[in-house]
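Residue-level structure breakdown
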Amino acid sequence: MGIIVIPNTKRFIKRGMRDIMSQSIFKQLEFIRQRTIMAVEGLSETTIDVVPEGFNNNVRWNLGHIYLVQEMFAFRFAGEPVQTPENFSPLFRKGTKPADWTAEPPTLEVLLAMLAEQSQRIQETLHNRLDEQVKVPYTTGSGFTLSTIGEFLSFSLYHEGMHYNTISILKRFADKSQ
């Protein structure tokens, strides 16, 4: 029985680990996105518009904000086309709130369809690019600098998880106010 020699073993192992990490991040992105969608399915338009006392935003704002930030983190910084309706930035960027809206926001049905489609598009577009450096690194509000597509996608898990939690809290307050 002969010995099998694999040339460039380190590179082969590194590529294999990268593939495993790539699959892992996309599984996590799909998981948190499904949890976000499931958290709001079946809610009424009225419920998702409740802004409880002490809060600036509602469930609808959080869903639109998740979509908008994910477009920026996944696509804009990767140099890919961004698919956001024209009114999304004024409605959902950081620092905005429903009390200041002058445009009609999207329905829950539209938001859910956009969120579901987005996670598939991210995987199809970026599946082999996690180690790719972005042209312009971005430093988050908390001081963390993102330099690769993988770092942006990893950070977006944290971001969506934070807003998923906010949505859960807002739902409880909305239930009590109706």
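Bear in mind that the values here come from a model prediction, so they are computed numbers and not experimental data.

1. As for the environment of Gln34
Following the sequence through the fold, Gln34 ends up in helix H1 (residues 9-40). Each C-alpha atom of the pair Gln34 and Ser119 lies 9.3 Å from the other, and the pair is 85 residues apart in sequence.

2. What about the packing of aromatic side chains?
Considering all chains together, one arrives at 13 aromatic pairs under this definition. Aromatic pair Phe73 and Phe77: ring centres 6.3 Å apart, planes at 65°, arrangement edge-to-face. For Phe73, a relative accessible area of 8% gives the class buried. Classification of Phe77 as buried rests on a relative accessible area of 13%. Note on Phe73 and Phe155: the rings are 6.0 Å apart at their centroids and 55° apart in plane angle, and the pair reads as tilted. With a gap of 82 residues between them, Phe73 in helix H3 (residues 59-76) and Phe155 in helix H6 (residues 149-177) connect regions that are remote in the sequence. Site record: aromatic cluster; members linked through ring pairs are Phe73, Phe77, Tyr138, Phe144, Phe152, Phe155 and Tyr158.

3. Looking at the nonpolar core
Judged by nonpolar contacts, the single largest core of 42 residues is most densely connected at Phe26, Val40, Leu63, Phe73, Ile122, Leu126 and Leu153. Within the residue set of this core, elements represented by two or more residues are H1, H3, helix H4 (88-92), helix H5 (108-126) and H6. With 11 residues, the top contributor of residues to this core is H3. Those residues in contact with Val40, other than ones at most four positions away along the chain, are Val59, Leu63, Leu108, Leu112 and Ile167.

About the thresholds
Residues numbered from 1 in each chain as written. Predicted model: local features only at pLDDT ≥ 70, side-chain atom pairs only at ≥ 80, totals over all residues. Heavy atoms only, no water. Helix = DSSP H or I, 4+ residues; strand = E, 2+ residues; numbered from the N terminus. Phe/Tyr/Trp six-rings, centres within 6.5 Å; stacked < 30°, edge-to-face > 60°. Buried < 20%, exposed > 50% of the residue type's maximum accessible area, 1.4 Å probe, protein only. Core = buried A, V, L, I, M, F, W, Y, C linked by side-chain atoms within 4.5 Å. Contact = heavy atoms within 4.5 Å.

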